[in-house]
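Descriptive analysis of the structure
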Amino acid sequence: MTYRFNPPHRVLMGPGPSDAHPRVLKAMSSPLIGHLDPEFVRMMDEVKSMVQQTLLTKNNLTFVVSAPGSAGMETCLVNLLEPGDECIICVNGVFGGRMVDIAERCGAKVHRIDTDWGKVTEVSQIKKVLDVCPKPKLVAIVHAETSTGAMQPLQEISDLVHNAGSLLVVDAVTSYTGAPLKVDEWGIDAIYSGSQKCLSAPPGLSPVSLSEAAVKVLDNRKTKVQSWFLDLTMVKNYWAGAKRAYHHTGPVSAIFALHEALNIVLEEGLEERWARHEVVHNYLKMKLEALGFKFVVDEQHRLPNLNAVYLPEGVDEAALRTRLLNDYNIEVGGGLGVFAGKIWRIGIMGESCTKNHVNMLVGALEEML
């Protein structure tokens, strides 16, 4: 017996993955070469350079984890935290909570700052915890909370964190290349993202970058990193030019695809890409509000590329979402955690960020509602 699988053609407007450009899919189908082939090594150097350019950083330790964004999160935390370290983690959704779980598994003492879902962490909240824990090893925060659609201001918090002599760790899985993100200018010490959101590459890779201050902490560890696979004392040599050390078999086809996706970002221009996401977000906002949808997040803190919305009163969100997928081939996301069954999460990321995508979604909703 053989099993054939023909995936349906969906319009991807959920929290990720987003639609991929045909050039990216074509790159992924290129013939395989060895992951230590000189041509692949050369291409990895180009990927590193393009990640630096798109993160607006000169950090030498900039690379791509061979696993999705959650592994990027774990990479940053397990390399910077040791048993007994104190850290502050800001939680205003699912992914802040996930950082707490990882940090606790590292043996760190976590000072948790909880904020209502859909809100952002205020500077005053961090100041209050710094009175109790004046010099944490790091402060971790989510720039773009995928579970709520909230975008966290970072610059003032960065100043506060560095004045305390601490590192700033940032989750940028859903904002990278879709909203302003300036690693060096904002003083971000460790940052991770994912390939499947605004980059519009296949899921499974996580761009990561660490500052010189973070590398110094890594180099001065007293204990081994708890994860062998994510141990940057070894992985950094895998991304270290022509003489790179063997660490693992890189996901060759996925990196082909990421290379092409990064090229597409740079061809469009980073600021132009940010602006496109903002324009399409405002168009979507106008259309959805006319249908009776209401946004979860206050306007000044909305993430343009991930829109969390309450449905019109009396509408069964799961039934409508299922019908949208089955009858119109359009995917949107439901709520997570405290928002499960209460909201939709509508993604307009990368290749899915067009007015045509909005028109397809709104046309279907107009028929169904």
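Summary of the structure given here. What you see as residue numbers is a count from 1 along each chain, following the sequence as written. This being a predicted model, a pLDDT of at least 70 is required before a residue's local features are given, and a value of 80 or more before pairs of side-chain atoms are given or counted; all residues contribute to the totals for chains, interfaces and linings. Based on all heavy atoms of the structure, the side-chain values leave hydrogens and waters out of the count.

Observations regarding the overall build of the protein chain
In terms of regular secondary structure, the protein chain is built from 12 helices and 15 strands. For the protein chain, whose C-alpha radius of gyration is 21 Å, the value lies close to the compact-globule estimate of 21 Å for 369 residues. The C-alpha extent of the protein chain, read off along each of the three principal axes, is 60 × 55 × 45 Å. Note on contacts: a residue pair is in contact if any heavy atoms of the two residues lie within 4.5 Å. For the protein chain, the proportion of contacts with a sequence separation of at least 24, taken over those separated by at least 6, is 71%. Residue exposure ignores everything except the shown protein chains as possible cover, and the areas themselves are Shrake-Rupley values with a 1.4 Å probe. As displayed, the protein chain has an accessible area near 15,900 Å², and 52% of this comes from carbon and sulfur atoms. For the protein chain, the distance from the average position of its 36 positive side-chain charges to the average position of its 42 negative side-chain charges is 3 Å. Secondary structure elements are defined from DSSP: runs of H or I of at least 4 residues count as helices, runs of E of at least 2 residues count as strands, and each element is numbered from the N terminus. Computation of the radius of gyration draws on C-alpha atoms alone. For the globule rule, the value is 2.2 Å times the number of residues to the power 0.38. Counted charges follow a simple rule, with Lys and Arg positive, Asp and Glu negative, and His plus the chain ends left uncounted. Charge positions come from single atoms, namely NZ of Lys, CZ of Arg, CG of Asp or CD of Glu.

Describing the pairing of strand β5 (residues 138-142)
Three exposure classes are used, based on accessible area relative to the maximum for each residue type with a 1.4 Å probe and protein chains only: buried under 20%, partly exposed in between, and exposed over 50%. Across the 5 residues of β5, 5 count as buried, placing the element largely inside the fold. Neither face of β5 is exposed, since L138, A140 and V142 on one face and V139 and I141 on the opposite face are all buried. Two strands pair if DSSP finds at least two bridges between them. Alignment of strand β3 (residues 86-91) against β5, held across 3 bridges, turns out to be parallel. Bridge assignment links I89 to a residue of β5, and that residue is A140. Sheet analysis places β5 next to strand β8 (residues 167-171), joined by 5 bridges and oriented parallel. Bridged to A140 within β8 is V169.

A short note on empty space enclosed by the protein
Any residue with an atom within 4 Å of a point lines the site, the site being either a cavity, points on a 1 Å grid over the protein atoms alone where a 1.4 Å probe fits but cannot get out, or a pocket, an open set with protein on both sides within 12 Å along at least 5 of 7 lines. Grid points are joined across faces, edges and corners, and a volume is the space filled by probe spheres set on the points. Following the criterion strictly, the structure yields 2 cavities of 30 Å³ or more and no others. Looking at the largest cavity, its volume works out to about 70 Å³. F63, V65, S66, F229 and V235 are, among the 11 residues lining the largest cavity, the residues nearest its centre. Going through the elements one at a time, β2 (61-65) and α8 (232-238) are the ones with two or more residues in the lining of the largest cavity. Looking at which element gives the most residues to the lining of the largest cavity, the answer is β2, with 3 residues. Put simply, the second largest cavity is a space of about 30 Å³. H21, V24, L199, S200, A261, I264, R273 and E351 are the residues that line the second largest cavity.

So, the side chain of S195
Structurally, the position occupied by S195 is in the loop between β9 (190-192) and β10 (206-210). On the accessibility criterion, S195 (0% relative accessible area) is buried. Setting aside residues no more than four positions away along its own chain, S195 makes contact with S200, A201, P202, P203, G204, L205, P207 and L258.

Some points on the pairing of β10
Counting buried positions over the 5 residues of β10 gives 5, a clear majority of the element. Summarising the sheet, β9 and β10 pair through 3 bridges and their orientation is antiparallel. Residue Y192 lies in a different strand from β10, and its bridge partner there is V208.

As for helix α3 (residues 69-80)
Its 12 residues place the ends of α3 17 Å apart at the C-alpha level, agreeing with the 16 Å of an ideal helix rising 1.5 Å per residue. Taken across its 12 residues, α3 has 10 buried, putting it largely inside the fold. The complete set of buried residues in α3 reads G69, A71, G72, M73, T75, C76, L77, V78, N79 and L80. Given a helix with a known number of residues, its expected span is that number minus one, times 1.5 Å.

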